[in-house]
Amino acid sequence: MPDQPIGRTARVDVLLEGSVDPGVVSTCTLLRDGPVVVVVDPGMARRQADILEPLAALGVRAEAVTDVILSHHHPDHTLNAGLFPTARVHDHWAIYRGDDWTDRDAEGAELSPAIRLIRTPGHSSEDISTVVGTQDGVVVLTHLWWAASGPVDDPYAPDPALLAASRARVLAIADQIVPGHGAAFVPDETTPR
């Protein structure tokens, strides 16, 4: 299946489990595949240490992060991207590093053989999902769901049909989903479509 990464060598560690009550906290995740060290959605947190301390506990310094992925441009998912000053930053249409801006569509972009990006508009028109091949299966980091329960109808979705199509795309490949504001979950028949 073309959406799946070729490799199955990456490791996934959730640094900060997100929530929307009390306060808004984005789920922030660390991916490692050989020399590639990625932080996904370093957004809002009660304290920056809530991201940096779990990272350090896993033996990773902020300066060692090679890439940051922003699932979309809402501040609750981007606010702490500056914690990783040497990383390349990926979004839906470019890669940024220092003062360099390189246009690149995220669809199909590979950060390593086990980490790739796909366009999954739904929560916003510019959403991307990170697809990760691990020894235990395919993990997809996405904001198509805020948590395992949905919401069924995302109140910010610009086009509900696009949300449904992107959810179907992810459900076709995901063994596990890391949502935008909640705990990782295994999709099943109760997962909102």
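Structure's up top.
Residues numbered from 1 in each chain as written. Predicted model: local features only at pLDDT ≥ 70, side-chain atom pairs only at ≥ 80, totals over all residues. Heavy atoms only, no water.

Explanation requested: the sheet that holds strand β5 (residues 88-90) in the structure shown.
In any sheet, the strands associate via hydrogen bonds between backbone groups, in a parallel or an antiparallel arrangement. Strand order in the open sheet formed by seven strands is β1-β2-β3-β4-β5-β6-β7, with mixed pairing between adjacent strands. Unpaired on one side and paired on the other, β1 (11-16) and β7 (100-103) mark the two borders of the sheet. Pairs of neighbouring strands in the sheet enclose a mean axial angle of 20°, with direction left out of account. Where strand β3 (residues 36-40) lies against strand β4 (residues 67-69), three bridges are found, and the strand directions are parallel. Considered in β4, the bridge of Val38 is made with Asp67. Set on the sheet, helix α1 (residues 49-57) makes contact with β1, β2 (28-33) and β3; between it and β1 the angle comes to about 145°. (Pairing = 2+ DSSP bridges. Helix = DSSP H or I, 4+ residues; strand = E, 2+ residues; numbered from the N terminus. Axes fitted to C-alpha atoms, helices over the stretch in contact; angles between N-to-C directions. Contact = heavy atoms within 4.5 Å.)

Quick question: what am I supposed to make of empty space enclosed by the protein here?
Counted according to the given criterion, the structure contains one cavity of 30 Å³ or more. The space that makes up the largest cavity amounts to roughly 80 Å³. Taken together, the residues of the lining of the largest cavity break down into four nonpolar, seven polar and one charged. (1 Å grid on protein atoms, 1.4 Å probe; cavity = no way out; pocket = protein on both sides within 12 Å on 5 of 7 lines; lining within 4 Å. Points joined across faces, edges and corners; volume = space filled by probe spheres on them. Nonpolar A, V, L, I, M, F, W, Y, C, P; charged D, E, K, R; others polar.)

I would appreciate a short explanation of the side chain of Thr130 in the present structure.
On the secondary structure map, Thr130 appears in strand β10 (residues 128-134). Sequence-distant contacts of Thr130, that is, excluding residues within four places in its chain, are made with Leu31, Val40, Ile69, Ile115, Arg116, Leu117, Val139, Val140 and Leu141.

Got a minute to help me understand unusual backbone geometry in this structure?
As a rule of thumb, non-glycine residues mostly have phi less than zero, and peptide bonds are mostly trans rather than cis. A cis amide bond, omega 0°, links Asp21 with the succeeding residue Pro22. Structurally, the position occupied by Pro22 is in the loop between β1 and β2.

What should I look at first to understand the pairing of strand β6 (residues 94-97) in this one?
Regular strands place their side chains on alternate faces of the sheet. As judged from the two bridges shared by β5 and β6, these two strands associate in the antiparallel manner. Along β6, the bridge assignment pairs His90 with Ile95. Linking β5 back to β6 in an antiparallel pair, the connection comprises three residues. For β6 and β7, the ladder comprises four bridges, and the chain directions are antiparallel. Of the residues in β7, the one forming a bridge with Ile95 is Thr102. Here β6 folds back onto β7, and the loop between the two strands holds two residues, one of which, Gly98, carries a positive phi near 60°.

All quantities given are derived from atomic positions and should not be read as evidence of function.
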